[in-house]
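Residues per chain are reported as follows:
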Amino acid sequence: MSGGGVGSGVGSGVGGGDVQAGPDRAKSGPGDEGDRRVRRLELVISYVLRIGVVVSVAVILAGLVLSFVRHPGYSGTIDYHSVAGPGYHFPDTFAAVAHSIASGGGRGFIMLGLALLVLTPVMRVAVSVFGFIFEKDPPMVAVTIFVLAVLIGSLAIGVASR
Amino acid sequence: MNALDFVLLLAAVSVVAGALGAVVGIGGGAVVVPALTILFHVDIRFAIGASIISVIATSSGAAAAYVRERMTNLRTGMFLELGTTTGAVTGAFLTTVVPTSALFALFGVVLLYSGAVMFLRRHEEHQLAESSDRIANRLNLHGAYYDEAEGREIVYKVTGTRMGLSIMYVAGMISALLGIGSGSLKVPAMDLAMHLPMKVSSATSNFMIGVTAAASAGVFLARGQVDPLIAGPVAAGVLGGAVIGSRLLAKLQGRVVRLVFVVVLVVIAVEMLQRGFHL
């Protein structure tokens, strides 16, 4: 039973959270099987969010460090108003971001990290679609597919509105 | 102020925004936007771009912990995202039609009202034992979580799904029109209309605001409102703060979370009224 290891690990993390589920799990009734599947989906979603967050923050921080290494003036006398906000052109298209990264530009990496951060909730919804398919829960599959479609649609409209 | 000091200070302010946002279930834009415009004199367009990023950062950073601890009601959150995402798309199409200042003012009034109701209900932290809500029963939206502060498992039933979904539709629309996360509307909807426990409302709102914000983030990225040197430090700081905040929520009493939320709500309401009346 692969679910057993996951379940016990969680029990120790949440403390008394297992009090109710504990005896049921030993008997392994039909309701328990469903509960364990939901638990597995929760853990998978939690991992997706965590990986998305860790990767994007790492790329953003690398980009920030790179920006300051490449522009010594930023930590010297250059006022922030002249390098951030209106008046300073930063890479804001796919092509410009790719070009910036290729030439080792910090801003390109920061934009990549921000894009990964924006995509994290989208990934979370996509993973839950598969999760509910795996759980054989048609109404929730329909709900999550609809949300995913609207989400991708509005992101596409946004990017295309340029 | 040189660029390095700006980035470091901004990241520090964002840690506070992320921690507060994670506890009360809002995106932290309420802290980030005024901090950027008033403290750092950053153009409002770039402040809003950074705010959208901050909402996604708070949401993903905190939800990773809340989902694992079962504080988030996953199914209810995903069901309500039907409303927020369609609302966001509607809002995107209405941007040219609706006068935003009137909307800011109206939103401010609505927030003051829901803040008042939530404050008056501060002594009622009891959960429903039965629900006759057909959608909630059909989709099995009810839940249970282990409350660390009370030291016991809290089982609750969900009701008012139609009302909740309608408010979420409006919340999604407002997010797209005003460029805010609108967790300030999601939390009262779940607390007052759907009878979720306060901490579950906050955690589930947190879970949802990332998706709402992601739906409109494409527009802000495409319009060039997301400046890497402004949004980058905000994202990093907010993520750090959200991790701290998520540890805090588990240990706080529902009553305390409610009171903090009401205070934040009043502050946001004032902010919205100011922007509505151009004060």
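Calculation criteria
Residues numbered from 1 in each chain as written. Chains lettered and ligands numbered in written order. Predicted model: local features only at pLDDT ≥ 70, side-chain atom pairs only at ≥ 80, totals over all residues. Heavy atoms only, no water. Helix = DSSP H or I, 4+ residues; strand = E, 2+ residues; numbered from the N terminus. Rg over C-alpha atoms; globule rule 2.2 N^0.38 Å. Buried < 20%, exposed > 50% of the residue type's maximum accessible area, 1.4 Å probe, protein only. Contact = heavy atoms within 4.5 Å. Lys, Arg positive; Asp, Glu negative; His and termini not counted. Charge placed at Lys NZ, Arg CZ, Asp CG, Glu CD. Buried area = accessible area lost by both parts, 1.4 Å probe. Salt bridge = Lys/Arg side-chain N within 4 Å of Asp/Glu carboxyl O. Nonpolar A, V, L, I, M, F, W, Y, C, P; charged D, E, K, R; others polar. Axes fitted to C-alpha atoms, helices over the stretch in contact; angles between N-to-C directions. Parallel < 35°, antiparallel > 145°, perpendicular 65-115°, else oblique. Left-handed = near helix turned anticlockwise from the far one by under 90°. Core = buried A, V, L, I, M, F, W, Y, C linked by side-chain atoms within 4.5 Å. Pairing = 2+ DSSP bridges.

Honestly, the overall build of chain B in this entry has me stumped. Any pointers?
Within chain B one finds eleven helices and two strands. Starting at the N terminus, the α and β elements of chain B follow one another as α-α-α-α-α-α-β-β-α-α-α-α-α. Against the compact-globule benchmark of 19 Å for 279 residues, chain B has a radius of gyration of 18 Å, which places it among compact chains. A total of 279 residues make up chain B; the buried ones form 64% of that total. Residue pairs at least 24 apart in sequence account for 83% of intrachain contacts in chain B once pairs closer than 6 positions are excluded. In chain B, which carries 19 positive and 15 negative side-chain charges, the distance between the mean positions of the two groups comes to 5 Å.

Would you mind going over the interface of chain A and chain B with me for this structure?
Where interface size is quoted, it is often the accessible area lost as the parts come together. Contacts between the two partners involve 64 residues from chain A and, on the opposite side, 60 residues from chain B. Across the interface of chain A and chain B, roughly 5,300 Å² is buried in total on both sides, 74% from carbon and sulfur atoms. Taken together, the connections running from chain A to chain B amount to three salt bridges. Glu42(A) serves as the salt-bridge partner of Arg70(B), at 3.1 Å between the closest nitrogen and oxygen. Residue assignment for the side of chain A that touches chain B shows that the elements contributing at least two residues are α3 (30-70), α5 (106-134) and α6 (138-160) of chain A. Ranked by residues supplied to the side of chain A that touches chain B, first place goes to α3(A) with 17 residues. Of the residues belonging to the side of chain A that touches chain B, the class tally is 38 nonpolar, 15 polar and eleven charged.

What should I look at first to understand the packing of helix α5 (residues 100-120) of chain B against helix α7 (residues 161-178) of chain B in this one?
The geometry of a pair of packed helices is captured by two quantities: the angle between their axes and the separation between those axes. All names here are of chain B. Where α5 contacts α7, the two axes come as close as 11 Å, and the packing angle between them is 135°. Judged by the angle between their axes, α5 and α7 are oblique. Helix-helix and strand crossings are classified by hand; for α5 and α7 the assignment is left-handed. Across from Thr 100, Leu 103, Phe 104 and Phe 107 in α5, the residues of α7 making contact are Ile 174, Leu 177 and Leu 178.

Where do I start with the packing of helix α8 (residues 183-193) of chain B against helix α11 (residues 254-277) of chain B in this structure?
Residue and element names in this part refer to chain B. Closest axis-to-axis distance for the α8/α11 pair is 11 Å, and the angle between their directions is 140°. For the element pair α8 / α11, the angle class is oblique. Handedness of the α8/α11 crossing: left-handed. Residue-level inspection shows Gly 183, Ser 184, Val 187, Pro 188 and Asp 191 of α8 in contact with α11, the latter providing Arg 258, Phe 261, Leu 265 and Ile 268. Across the contact of α8 with α11, the residue classes break down as five nonpolar, two polar and two charged.

Even after reading the chapter, I still don't get the nonpolar core, so can you show me in this structure?
The nonpolar side chains of a soluble globular protein tend to be buried, and buried together. Leu114(A), Phe6(B), Leu36(B) and Ile230(B) are the most contacted members of the largest nonpolar core, which totals 127 residues. In terms of residue count, the dominant contributor to this core is helix α3 (residues 44-68) of chain B (14 residues).

Sorry, what's going on with the pattern of salt bridges here?
Close approach of charged atoms allows side chains of opposite charge to pair. Inspection of every chain in the model, using the stated rule, returns nine salt bridges over all chains. Through salt bridges with shared partners, a single network forms among Arg39(A), Glu42(A) and Arg70(B).

Just checking my understanding: could you explain the pairing of strand β1 (residues 143-147) of chain B for this structure?
As a general feature of sheets, a regular strand has side chains that alternate between the two faces. Residues and elements named next belong to chain B. Of all five residues that make up β1, four are buried, and the element is covered over most of its length. Sheet analysis places β1 next to strand β2 (residues 152-156), joined by five bridges and oriented antiparallel. Bridge pairing in β2 places Asp 147 opposite Arg 152. Hairpin connection between β1 and β2: a loop of four residues separates the two successive antiparallel strands, and Gly 151 in this loop has a positive phi of roughly 70°.

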